[in-house]
Amino acid sequence: MRTRRLLTSIILMIFVLMACASALFVVILFGSGKKVVAEASKNHIVYGLTLMPSGFDPHVNSSSELGIVLRSVYDTLLYRDPQTKAFVPGLAEKWSISDDGLTYTFNLRAGVKFQDGTPFDAKAVAVNLDRITNPATKSQKALFLLGPYDHYTIVDPMTIQIVLKQPYAPLLDGLSQVYTGIASPNALQSYDLARYQFHQVGTGPFSMVDYIPGDHLTIRRNPDYKWGPPFYNPPTANSVDEIEFRFFTDPATRATALESDAAQIMGELSPTDATLFTGNSNVRLYPQPIPGAPLQFLFNVSSEPTDQLQVRQALIQAINRSGIVDAVFQQFSPVAYGPLSAVSPYYDPEVTKLYPYSSTAALDQLHGLGFVQSKENPILHKGTQQTLQNLRLVMVVPPWGFAPQVAQKLQIQWKQLGADVVIKEVPSFTDLVAALKDKDNDYNLIVYNDFGLDPSFLNGMFGKQAFNNWTHFESDDLDNWLTSATASQSEDERKTYYMQVQKLIMDQALIVPIRDYVNLNGARANVNGLSFDAYGWFPLLPNLTLGDTPKTATPTS
């Protein structure tokens, strides 16, 4: 009897152990019942990216596309308010600048943790600065955002100083951008430079789940996040919890994906697609103005005939820019009038009065320079048969930003004026730079645009020694103003310098401004809260919610 009871107990124990093992197996394989429910209830959306960047590491790479994703994976020391553009606290609660403009002291926020549990402190900031400035990183943008960086000093566990070699007012702006986002020191140590982009860890409101190049990248809401800037909304039951980014590099596929609900958000729609969506109740448009340099053609002042100021001025005046913008961008973009877009800080509205369209006045000016036409030679020309100079223009045009379509419109208008216009198309940025290095220097105009809130990017376009000084124009005044504008901590002084810069650039007719950049975003009607940060490109993903009708978002007009 005792043996039978013992045997029964053993059998019962075996069944209990088997049941526990089965339950454990289910938990291990599928997670707890609570977790399964949570996973199933996630508000998941697909966000369409329009470019497959060469890399997704913000310290290494420079594309705007990577920022669309990673702006929400990383926090930065500071942020810029999307509406006022003022600096607001991020991972730094407060900051101060020494009187000489060389030392920036940052008091860091306590209680912040990286998504892998690593505590955030001054040493973490130091590790990131070391990584960005390490030549082996080959940083394409983050390093340049630090300006004349020299070194850092850790004052205490929650205070760090950045010391510069010379004053540089744009530093705070650089530290507000995703490219200087603060990564987990443990994650950086665990993965080499090539592999880290697949295992990125920040302190932001979303964590990186996976990244399959050419296919997708997924991020998921960070449940521990509670230190965001004031323009991040707290999560609700309707908040988007998981975002899967997929690549739609072919422009023809973007509208189709959005209309079929294969993607719930899509950027960089064509003006034609945007026009079609204006009458579609299932899709809402969010045109987003982008601060920075407009789409423009830079004149090469070292090549005939654009080496003559009056020729450049006449060519600008001969252009019906409103007609070009209406035809190509279908009124979704405003006409550009200067080297800064109208939504950029320090923009000078006086530039709108310059170079009013008049083909008659342009032709009169060219005639005054000796250019004539004849039955034998309908192209504007001057000189004798031995010294004949045709008004011939070579434009170097890349494929992005609707530059080819704009170039064709310019070609038509300048040919009507009497110019011989050749369009030289290049397939990539590498080829664009190669065309610039042609030993014959055989170009008169080249397409350029750039993005950013701080106009310091103008230093890289028009400074004497600037890498991107594709105009080949040199001016001591312009150089001094650009240098002084980046050195001064006074907003009034910086504004004065940049006003002078804009006036000189247009007085010297160094550019043909075409249109201020507007990113045409579309979203399904049940996606609410779509808005963008101060730089225009990067969505505030923590504010996205899903519902039956729009509640929190008003499309930008």
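Quantities reported herein were computed from a predicted structural model and do not represent experimental measurements.

### Some points on the overall build of the protein
Phase 1: Summing up its helical and strand segments, the protein has 17 helices and 22 strands in all.
Phase 2: For the protein, the C-alpha atoms occupy an extent of roughly 130 × 55 × 45 Å along the three principal directions.
Phase 3: For the protein, buried positions account for 53% of its 557 residues.
Phase 4: Put simply, of all contacts in the protein between residues at least 6 apart along the chain, 69% involve residues at least 24 apart.
Phase 5: A total accessible area of about 25,100 Å² is found for the protein, and carbon and sulfur atoms account for 54% of it.

### Observations regarding the pairing of strand β17 (residues 420-425)
Phase 1: The sheet contact formed by strand β16 (residues 392-397) and β17 spans six bridges and is parallel. Following the sheet pairing, V396 is matched in β17 by K424.
Phase 2: Taken together, β16, helix α13 (residues 403-417) and β17 constitute a β-α-β crossover, and its handedness is right-handed.

### Some details on the nonpolar core
Phase 1: Grouped together as the largest cluster of nonpolar side chains are 77 residues, with contacts concentrated most on F106, I243 and F245.
Phase 2: In terms of residue count, the dominant contributor to this core is helix α4 (residues 122-133) (six residues).

### Details of the packing of helix α16 (residues 476-487) against helix α17 (residues 491-507)
Phase 1: Relative orientation of the contacting elements α16 and α17 amounts to 150 degrees, with a least axis distance of 9 Å. Judged on the interaxial angle alone, α17 and α16 are roughly antiparallel. Taken as a pair, α16 and α17 cross one another with a handedness that is left-handed. Contact residues: D477, L478, W481, L482, S484, A485 and T486 in α16; R494, Y497, Y498, Q500, V501 and L504 in α17.
Phase 2: Its residues assigned to classes, the contact of α16 with α17 comprises eight nonpolar, three polar and two charged.

### What to know about the sheet that holds strand β18 (residues 445-451)
Phase 1: The strand order β17-β16-β18-β13-β19 describes an open sheet built from five strands, whose pairing is mixed. Edge positions in the sheet fall to β17 and β19 (511-515), since each of these pairs with one other strand and no more. Neighbour to neighbour, the strand axes of the sheet diverge by 30 degrees on average, direction disregarded.
Phase 2: For strand β13 (residues 292-299) and β19, the ladder comprises four bridges, and the chain directions are antiparallel. From the neighbouring strand, L298 faces β19, where its bridge partner is I511.
Phase 3: Against the sheet, helix α11 (residues 321-329) touches β13 and β19, its axis set at about 45 degrees to β19.
Phase 4: Packing of α13 onto the sheet brings it into contact with β13, β16, β17, β18 and β19, and relative to β16 it is tilted by some 170 degrees.

### Some thoughts on α17
Phase 1: The terminal C-alpha atoms of α17, which comprises 17 residues, lie 24 Å apart, in line with the 24 Å expected from a rise of 1.5 Å per residue.
Phase 2: Here α17 has its buried residues at R494, Y498, M499, V501, Q502, L504, I505 and M506.
Phase 3: The secondary structure elements touched by the buried residues of α17 are α15 (459-462), α16 and β19.
Phase 4: A509 sits one or two positions beyond α17 and adopts a positive phi of about 50 degrees.

### So, the side chain of T118
Phase 1: With respect to the element layout, T118 can be found in the loop between β5 (103-108) and α4.
Phase 2: If we skip the residues at most four places from it in the chain, T118 touches K113, S184, P185 and N186.

### Regarding the packing of α11 against α13
Phase 1: Where α11 meets α13, the closest approach of the two axes is 10 Å, and the angle between their N-to-C directions is 140 degrees. Considered as vectors, α11 and α13 are oriented oblique to each other. Along this stretch, α11 crosses α13, giving a crossing that reads as right-handed. Along the contact surface, α11 presents I324, A327, V328 and F329, while α13 presents Q405, V406, K409, L410 and Q413.

### Looking at the sheet that holds strand β6 (residues 149-156)
Phase 1: Spatial strand order, β4-β5-β7-β6: four strands in an open sheet with antiparallel pairing. Only two strands of the sheet have a single partner each, and these edge strands are β4 (92-97) and β6. Strand after strand, the sheet turns through a mean of 20 degrees between neighbouring axes, direction not considered.
Phase 2: Sheet topology places β6 next to strand β7 (residues 159-164); six bridges connect them, and they run antiparallel. Residue pairing in the sheet places T153 in a bridge with Q161 of β7.
Phase 3: Packed onto the sheet, α4 meets β5, β6 and β7 and runs at close to 165 degrees relative to β6.

### Side note on the pairing of strand β1 (residues 44-49)
Side-chain direction in a regular strand flips from residue to residue, so the side chains alternate between the two faces of the sheet.
Phase 1: Of all the six residues making up β1, five are buried; the element is thus mostly covered by neighbouring parts of the structure.
Phase 2: Pairing geometry for β1 and strand β10 (residues 242-247), over six bridges, is parallel. Counted as the bridge partner of L49 is F247 from β10.

### What about unusual backbone geometry?
Phase 1: Of note, the bond from E304 into P305 is cis; its omega dihedral lies within 30 degrees of zero at 0 degrees.
Phase 2: Its identity is not glycine, yet Y346 carries a phi of approximately 70 degrees, on the positive side.
Phase 3: For Y346, the position within the fold is in the loop between α11 and α12 (359-368).
Phase 4: Take Y346: its relative accessible area is 13%, and that puts it in the buried class.
Phase 5: Here the phi dihedral of H472 falls at roughly 65 degrees; this positive angle occurs in a residue that is not glycine.
Phase 6: Note that H472 resides in the loop between α15 and α16.

About the cut-offs
Residues numbered from 1 in each chain as written. Predicted model: local features only at pLDDT ≥ 70, side-chain atom pairs only at ≥ 80, totals over all residues. Heavy atoms only, no water. Helix = DSSP H or I, 4+ residues; strand = E, 2+ residues; numbered from the N terminus. Buried < 20%, exposed > 50% of the residue type's maximum accessible area, 1.4 Å probe, protein only. Contact = heavy atoms within 4.5 Å. Areas by Shrake-Rupley, 256 points an atom, 1.4 Å probe, with all protein chains shown as cover. Pairing = 2+ DSSP bridges. Right-handed = clockwise from strand over helix to strand, strands pointing away. Core = buried A, V, L, I, M, F, W, Y, C linked by side-chain atoms within 4.5 Å. Axes fitted to C-alpha atoms, helices over the stretch in contact; angles between N-to-C directions. Parallel < 35°, antiparallel > 145°, perpendicular 65-115°, else oblique. Left-handed = near helix turned anticlockwise from the far one by under 90°. Nonpolar A, V, L, I, M, F, W, Y, C, P; charged D, E, K, R; others polar. Expected span 1.5 Å × (residues − 1).

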